[in-house]
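Read off the chains here:
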Amino acid sequence: MKLDHLNWDEYYMAMAKMTAIRSKDPNSQVGAVIVGEDNKVLSIGYNGAPIGFNDKDFPWAREGEYLKTKYPFVCHAEMNAISNYRGNKKDFDGAKVYVTLFPCNECAKLIIQNGIKEVIYSCDKYKDTDGVKASKMMFDICGVNYRAFNSKVEISIKEGEKSAEFKRLDTPVKMLKRNK
(Lines give C-alpha, C1' and ligand atoms only; values in the text may rest on other atoms or scores of the structure.)
Protein backbone atom coordinates (compact mmCIF):
# COMPACT_ATOMS: atom_id res chain seq x y z
CA MET A 1 0.00 0.00 0.00
CA LYS A 2 1.26 3.44 -0.92
CA LEU A 3 1.78 5.39 2.32
CA ASP A 4 2.56 8.86 1.01
CA HIS A 5 -0.83 9.63 -0.53
CA LEU A 6 -3.04 12.59 0.31
CA ASN A 7 -5.87 12.01 2.78
CA TRP A 8 -9.36 13.30 1.89
CA ASP A 9 -8.91 16.66 3.64
CA GLU A 10 -5.59 17.26 1.90
CA TYR A 11 -7.02 16.23 -1.46
CA TYR A 12 -10.10 18.44 -1.28
CA MET A 13 -8.23 21.44 0.11
CA ALA A 14 -5.74 21.10 -2.75
CA MET A 15 -8.72 21.15 -5.13
CA ALA A 16 -10.08 24.28 -3.43
CA LYS A 17 -6.69 25.99 -3.78
CA MET A 18 -6.43 25.02 -7.44
CA THR A 19 -10.00 26.21 -8.04
CA ALA A 20 -9.17 29.58 -6.46
CA ILE A 21 -6.64 30.21 -9.22
CA ARG A 22 -9.58 30.60 -11.66
CA SER A 23 -10.61 33.83 -9.89
CA LYS A 24 -9.92 37.04 -11.80
CA ASP A 25 -9.92 39.07 -8.56
CA PRO A 26 -6.46 40.67 -8.34
CA ASN A 27 -6.58 40.80 -4.51
CA SER A 28 -8.42 37.71 -3.25
CA GLN A 29 -8.57 34.31 -4.89
CA VAL A 30 -10.92 32.01 -2.99
CA GLY A 31 -11.98 28.47 -3.85
CA ALA A 32 -14.67 26.15 -2.50
CA VAL A 33 -15.31 22.43 -2.99
CA ILE A 34 -18.53 20.80 -1.76
CA VAL A 35 -18.19 17.11 -0.95
CA GLY A 36 -21.03 14.70 -0.21
CA GLU A 37 -21.17 12.26 2.67
CA ASP A 38 -19.76 9.60 0.32
CA ASN A 39 -16.59 11.67 -0.28
CA LYS A 40 -17.60 12.51 -3.86
CA VAL A 41 -17.26 16.04 -5.20
CA LEU A 42 -20.66 17.64 -5.70
CA SER A 43 -19.61 21.09 -6.89
CA ILE A 44 -16.83 23.67 -6.99
CA GLY A 45 -16.71 27.44 -7.14
CA TYR A 46 -14.43 30.44 -6.95
CA ASN A 47 -15.03 34.14 -6.34
CA GLY A 48 -15.81 36.21 -9.38
CA ALA A 49 -18.17 38.34 -11.39
CA PRO A 50 -21.77 37.23 -11.94
CA ILE A 51 -22.52 35.39 -15.18
CA GLY A 52 -22.89 37.93 -17.96
CA PHE A 53 -20.73 40.57 -16.25
CA ASN A 54 -17.55 40.82 -18.31
CA ASP A 55 -14.51 40.32 -16.06
CA LYS A 56 -12.68 43.07 -17.93
CA ASP A 57 -15.42 45.58 -17.10
CA PHE A 58 -15.84 44.39 -13.51
CA PRO A 59 -14.85 46.91 -10.80
CA TRP A 60 -12.21 44.97 -8.87
CA ALA A 61 -11.31 47.89 -6.56
CA ARG A 62 -11.41 47.34 -2.81
CA GLU A 63 -11.70 51.00 -1.85
CA GLY A 64 -13.55 54.02 -3.14
CA GLU A 65 -17.15 54.80 -3.98
CA TYR A 66 -19.18 51.69 -3.10
CA LEU A 67 -20.63 51.14 -6.59
CA LYS A 68 -17.14 51.38 -8.06
CA THR A 69 -15.79 48.58 -5.85
CA LYS A 70 -16.22 44.83 -6.15
CA TYR A 71 -18.24 44.43 -2.95
CA PRO A 72 -21.80 44.93 -4.18
CA PHE A 73 -21.21 42.68 -7.19
CA VAL A 74 -18.76 39.83 -6.52
CA CYS A 75 -20.08 36.29 -6.07
CA HIS A 76 -18.16 34.44 -3.39
CA ALA A 77 -16.71 30.97 -3.92
CA GLU A 78 -19.27 29.28 -1.64
CA MET A 79 -22.17 31.03 -3.42
CA ASN A 80 -20.83 29.90 -6.79
CA ALA A 81 -20.22 26.32 -5.63
CA ILE A 82 -23.82 26.08 -4.38
CA SER A 83 -25.22 27.82 -7.48
CA ASN A 84 -23.13 25.73 -9.89
CA TYR A 85 -24.57 22.44 -8.63
CA ARG A 86 -26.85 20.87 -11.23
CA GLY A 87 -28.20 17.98 -9.16
CA ASN A 88 -30.75 17.70 -6.38
CA LYS A 89 -29.87 20.07 -3.53
CA LYS A 90 -30.88 17.26 -1.11
CA ASP A 91 -27.43 15.87 -1.97
CA PHE A 92 -26.00 18.70 0.16
CA ASP A 93 -27.63 17.30 3.33
CA GLY A 94 -24.71 16.39 5.60
CA ALA A 95 -22.11 17.54 3.05
CA LYS A 96 -18.82 19.32 3.76
CA VAL A 97 -17.40 22.40 2.10
CA TYR A 98 -13.65 22.96 1.81
CA VAL A 99 -12.86 26.67 1.52
CA THR A 100 -9.62 28.58 1.27
CA LEU A 101 -11.07 31.47 3.32
CA PHE A 102 -13.52 31.26 6.22
CA PRO A 103 -17.04 32.07 4.93
CA CYS A 104 -18.57 35.51 5.36
CA ASN A 105 -21.95 35.81 7.08
CA GLU A 106 -23.85 35.83 3.75
CA CYS A 107 -22.18 32.62 2.59
CA ALA A 108 -22.70 31.10 6.05
CA LYS A 109 -26.45 31.58 5.58
CA LEU A 110 -26.31 29.82 2.20
CA ILE A 111 -24.28 26.95 3.69
CA ILE A 112 -26.80 26.51 6.51
CA GLN A 113 -29.87 26.82 4.26
CA ASN A 114 -28.51 24.16 1.89
CA GLY A 115 -27.89 21.54 4.59
CA ILE A 116 -24.08 21.57 4.52
CA LYS A 117 -22.93 20.39 7.96
CA GLU A 118 -19.17 20.98 8.02
CA VAL A 119 -16.82 23.75 6.91
CA ILE A 120 -13.09 23.05 6.59
CA TYR A 121 -11.11 26.25 6.00
CA SER A 122 -7.44 27.01 5.38
CA CYS A 123 -7.41 30.72 6.29
CA ASP A 124 -9.33 32.79 8.84
CA LYS A 125 -7.66 36.18 8.35
CA TYR A 126 -10.91 38.07 8.95
CA LYS A 127 -11.72 36.26 12.22
CA ASP A 128 -11.95 39.54 14.14
CA THR A 129 -14.56 41.07 11.82
CA ASP A 130 -18.23 41.18 12.75
CA GLY A 131 -19.11 39.26 9.57
CA VAL A 132 -16.99 36.24 10.47
CA LYS A 133 -18.07 36.42 14.12
CA ALA A 134 -21.68 36.31 12.87
CA SER A 135 -20.82 33.30 10.67
CA LYS A 136 -19.43 31.40 13.63
CA MET A 137 -22.43 32.31 15.80
CA MET A 138 -24.84 31.04 13.12
CA PHE A 139 -22.82 27.86 12.59
CA ASP A 140 -22.77 27.19 16.34
CA ILE A 141 -26.50 27.78 16.74
CA CYS A 142 -27.46 25.83 13.61
CA GLY A 143 -25.19 22.83 14.19
CA VAL A 144 -22.67 23.37 11.41
CA ASN A 145 -19.21 22.21 12.46
CA TYR A 146 -16.18 24.18 11.35
CA ARG A 147 -12.50 23.47 11.70
CA ALA A 148 -9.20 24.70 10.44
CA PHE A 149 -7.50 22.60 7.81
CA ASN A 150 -4.79 20.80 9.72
CA SER A 151 -2.30 18.79 7.77
CA LYS A 152 1.25 17.57 7.78
CA VAL A 153 1.28 18.32 4.08
CA GLU A 154 2.19 21.70 2.72
CA ILE A 155 0.12 22.45 -0.37
CA SER A 156 1.48 25.33 -2.38
CA ILE A 157 0.16 26.54 -5.68
CA LYS A 158 2.58 28.45 -7.90
CA GLU A 159 0.26 30.56 -9.99
CA GLY A 160 2.82 31.93 -12.42
CA GLU A 161 4.03 28.44 -13.26
CA LYS A 162 0.55 26.87 -12.96
CA SER A 163 1.99 24.13 -10.76
CA ALA A 164 1.27 22.62 -7.38
CA GLU A 165 3.59 21.18 -4.78
CA PHE A 166 2.57 18.69 -2.12
CA LYS A 167 5.25 18.33 0.49
CA ARG A 168 5.05 16.00 3.48
CA LEU A 169 7.20 17.02 6.41
CA ASP A 170 8.95 13.64 6.33
CA THR A 171 9.15 12.91 2.56
CA PRO A 172 10.57 14.57 -0.56
CA VAL A 173 8.67 17.17 -2.57
CA LYS A 174 6.21 15.93 -5.20
CA MET A 175 5.42 18.34 -7.98
CA LEU A 176 2.63 18.39 -10.53
CA LYS A 177 2.89 20.68 -13.54
CA ARG A 178 0.16 21.57 -15.97
CA ASN A 179 1.10 21.37 -19.63
CA LYS A 180 0.67 24.64 -21.49
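Up top is the structure.
What comes next concerns the included structure.

**Section: the packing of helix α3 (residues 105-113) against helix α4 (residues 130-142)**
Two elements in contact, α3 and α4, have axes whose closest approach is 8 Å; the angle formed by their N-to-C orientations is 20°. In terms of orientation, α3 and α4 fall into the roughly parallel class. Between α3 and α4 the crossing geometry is right-handed. Along its contact with α3, which presents N105, A108, K109, I111 and I112, the element α4 presents G131, A134, S135, M138, F139 and C142.

**A short note on unusual backbone geometry**
Positive phi, close to 65°, is recorded for N39, a residue that is not glycine. Tracing the backbone through its elements, the reader meets N39 in the loop between β1 (31-35) and β2 (41-46).

**Here we look at the nonpolar core**
Residues I34, V97, I111, I116, V119 and F139 are the most contacted members of the largest nonpolar core, which totals 22 residues. For F139, the contacting residues outside a window of four places in its chain are F102, P103, A108, I111, I112, V119, V144 and Y146. Ranked by size, the runner-up nonpolar core spans eight residues in total, among them Y12, A16, V35 and Y98.

**What to know about the layout of surface pockets**
Volume-wise, the largest pocket comes out at about 480 Å³. What lines the largest pocket is a set of 21 residues, among which Y71, H76, L101, C104 and Y126 lie closest to the centre. Within the residue set of the lining of the largest pocket, elements represented by two or more residues are α2 (77-84), α3 and α4. Volume-wise, the second largest pocket comes out at about 250 Å³. Forming the walls of the second largest pocket are 15 residues, and the residues nearest its centre are Y46, G48, A49, I51 and N80. Top element by residues in the lining of the second largest pocket is α2. It accounts for three residues. The residue makeup of the lining of the second largest pocket, split by class, is six nonpolar, six polar and three charged.

**Some details on the pattern of salt bridges**
Taken as a whole, this structure holds seven salt bridges when the rule is applied. Across the pair R147 and D9 runs a salt bridge, and its minimum N-O distance is 2.8 Å. With R147 in strand β5 (residues 145-148) and D9 in helix α1 (residues 8-20), this pair connects stretches of sequence that are 138 residues apart. Note on D9: relative accessible area 16%, which makes it buried. Here E118 makes a salt bridge to R147, at a shortest N to O gap of 2.6 Å. Here the residue E118 occupies a position in strand β4 (residues 118-121), and R147 occupies one in strand β5, the gap between them amounting to 29 residues. Relative accessible area serves as the criterion here: at 17%, E118 is assigned to the buried category. When salt bridges with common partners are traced through the structure, they connect D9, E118 and R147 into a single cluster.

**Here we look at the side chain of K136**
Checked against the element boundaries, K136 lands in helix α4. Since its relative accessible area comes to 19%, K136 is described here as buried. Among residues more than four places away in sequence, those in contact with K136 are F102, D124, K127 and Y146.

**Regarding the side chain of S135**
Within the element layout of this structure, S135 appears in helix α4. Ignoring any residue separated from it by four or fewer positions in sequence, one finds S135 in contact with F102, P103, C104, N105 and A108.

Thresholds applied
Residues numbered from 1 in each chain as written. Predicted model: local features only at pLDDT ≥ 70, side-chain atom pairs only at ≥ 80, totals over all residues. Heavy atoms only, no water. Axes fitted to C-alpha atoms, helices over the stretch in contact; angles between N-to-C directions. Helix = DSSP H or I, 4+ residues; strand = E, 2+ residues; numbered from the N terminus. Parallel < 35°, antiparallel > 145°, perpendicular 65-115°, else oblique. Left-handed = near helix turned anticlockwise from the far one by under 90°. Contact = heavy atoms within 4.5 Å. Core = buried A, V, L, I, M, F, W, Y, C linked by side-chain atoms within 4.5 Å. Buried < 20%, exposed > 50% of the residue type's maximum accessible area, 1.4 Å probe, protein only. 1 Å grid on protein atoms, 1.4 Å probe; cavity = no way out; pocket = protein on both sides within 12 Å on 5 of 7 lines; lining within 4 Å. Points joined across faces, edges and corners; volume = space filled by probe spheres on them. Nonpolar A, V, L, I, M, F, W, Y, C, P; charged D, E, K, R; others polar. Salt bridge = Lys/Arg side-chain N within 4 Å of Asp/Glu carboxyl O.

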